Amino acid sequence: MPEGDVLLSNAEGTIRAHGPAVLVCDCPGDGLDLAVRRVAAFALTASLIVVGIVAARAAPFPILFIAATWTAGAIAALVLVRRRRRLHGLFRLDFERAEIVQEGRGFRRIFPMQAIARVSTPPALDAEVDEPGLAPRWLLLHLSTGEQLRLGKAPPYALGPALAFLRRAGVEA
């Protein structure tokens with residue numbers, strides 16, 4: 001596939017226009033996924049060790065509440081990360097074929113182009129910028145099913161070319 005015109009390129013991902021009718025957005029998300037999976041694996045392993053120690057009667061029974069708390073926290077964190085993962089990925093918005101293809105870690109989804117309700121640019125909650133006008137914003141695609149897809153993250157001025165492409169394609173802001 002040819003490179004295409006770069007509309008956005010930063011540490012958070014890239015957005016490229018492949019002709020007048022195809023937009024390819026790569027928004028992999030952040031490193032939170034890997035960190036949470038590693039901490040959750042540690043917590044689950046530690047919980048199993050504590051259960052084994054209690055089963056061997058080397059520790060008192062109430063220690064199981066600590067293991068249960070670690071297990072519940074690890075499972076909740078893994079569920080949260082899995083839901084976040086559905087927001088990110090490699091997106092191909094093909095206005096000629098009238099489809100959106102999302103490829104993420106371990107999944108592939110296809111949406112009809114008619115499912116697009118609107119596009120928005122809400123502020124990123126993890127922004128650490130002194131000047132409010134330069135605070136990063138997400139480029140979100142809202143679907144009629146209620147789902148959101150994160151196409152990119154950048155300061156407002158950097159999202160302009162991608163927003164212009166989407167407006168020309170008929171997506172309302």
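Parameters and conventions
- Residues numbered from 1 in each chain as written.
- Predicted model: local features only at pLDDT ≥ 70, side-chain atom pairs only at ≥ 80, totals over all residues.
- Heavy atoms only, no water.
- Helix = DSSP H or I, 4+ residues; strand = E, 2+ residues; numbered from the N terminus.
- Buried < 20%, exposed > 50% of the residue type's maximum accessible area, 1.4 Å probe, protein only.
- Pairing = 2+ DSSP bridges.
- Axes fitted to C-alpha atoms, helices over the stretch in contact; angles between N-to-C directions.
- Phe/Tyr/Trp six-rings, centres within 6.5 Å; stacked < 30°, edge-to-face > 60°.
- Lys NZ or Arg CZ within 6 Å of the ring centre and 35° of its normal.
- Core = buried A, V, L, I, M, F, W, Y, C linked by side-chain atoms within 4.5 Å.
- Contact = heavy atoms within 4.5 Å.
- Expected span 1.5 Å × (residues − 1).
- Arc of directions from axis to C-beta.

> Explain unusual backbone geometry residue by residue, including any values.
For arginine 57, which is not glycine, the phi dihedral falls at a positive 60°. Looking at where arginine 57 falls in the secondary structure, it is placed in the loop between helix H1 (32-55) and helix H2 (64-85). On the basis of relative accessible area, arginine 57 is assigned to the exposed category, the value being 76%.

> Which residues make up the sheet that holds strand S5 (residues 99-104), and what values go with them?
Within the open sheet, the six strands sit side by side as S1-S2-S3-S4-S5-S6. Their pairing is antiparallel. A single partner strand is all that each edge strand has here, and the edge strands are strand S1 (5-10) and strand S6 (107-112). Shown here is a sheet whose adjacent strand axes are inclined to one another by a mean of 10°, direction ignored. Where S5 and S6 come together, six bridges link them in antiparallel fashion. Bridge pairing in S6 places glutamate 103 opposite arginine 108.

> Account for the packing of aromatic side chains, with residues named and values stated.
Using the criterion set out here, one finds one aromatic pair in the structure. Consider the rings of phenylalanine 95 and phenylalanine 165, whose centres lie 6.3 Å apart with planes at 50°: the pair is tilted. Here phenylalanine 95 is found in the loop between strand S4 (89-94) and S5, whereas its partner phenylalanine 165 is found in helix H3 (residues 156-168), with 70 residues between them in sequence. Cation over ring: arginine 86 sits above phenylalanine 107, and NZ or CZ is 4.5 Å from the ring centre. One residue, arginine 150, lies across the ring of tryptophan 138, its end atom 4.2 Å from the ring centre.

> I'd love a proper account of the nonpolar core, names of residues and values included.
Counting 29 residues, the largest nonpolar core has Leu93, Ile100, Leu139, Leu141 and Leu166 as its most contacted members. Counting only elements with at least two residues in this core, the list comes to S1, strand S2 (13-17), strand S3 (22-27), S4, strand S7 (116-120), strand S8 (137-143), strand S9 (148-154) and H3. Sorting elements by how many residues they give to this core places H3 first, with six residues. If near-sequence neighbours (up to four positions away) are discounted, leucine 93 is found in contact with Ala21, Val22, Leu23, Cys25, Glu99, Ile100, Met113, Leu141, Leu151 and Leu166.

> Now, about H2: what can you tell me, with residues and values included?
For H2, spanning 22 residues, the distance from its first C-alpha to its last is 31 Å, which sits close to the expected 32 Å at 1.5 Å a residue. By the burial criterion, the buried members of H2 are Ala67, Ala74 and Val81. The buried residues of H2 occupy an angular sector of 65° when projected down its axis, which confines them to one face. Exposed and facing more than 90 degrees away from the buried side of H2 are Phe65, Thr69, Leu80 and Arg83. The secondary structure elements touched by the buried residues of H2 are H1.

Note that every value here comes from positions in space, so none of it alone points to a role or purpose.
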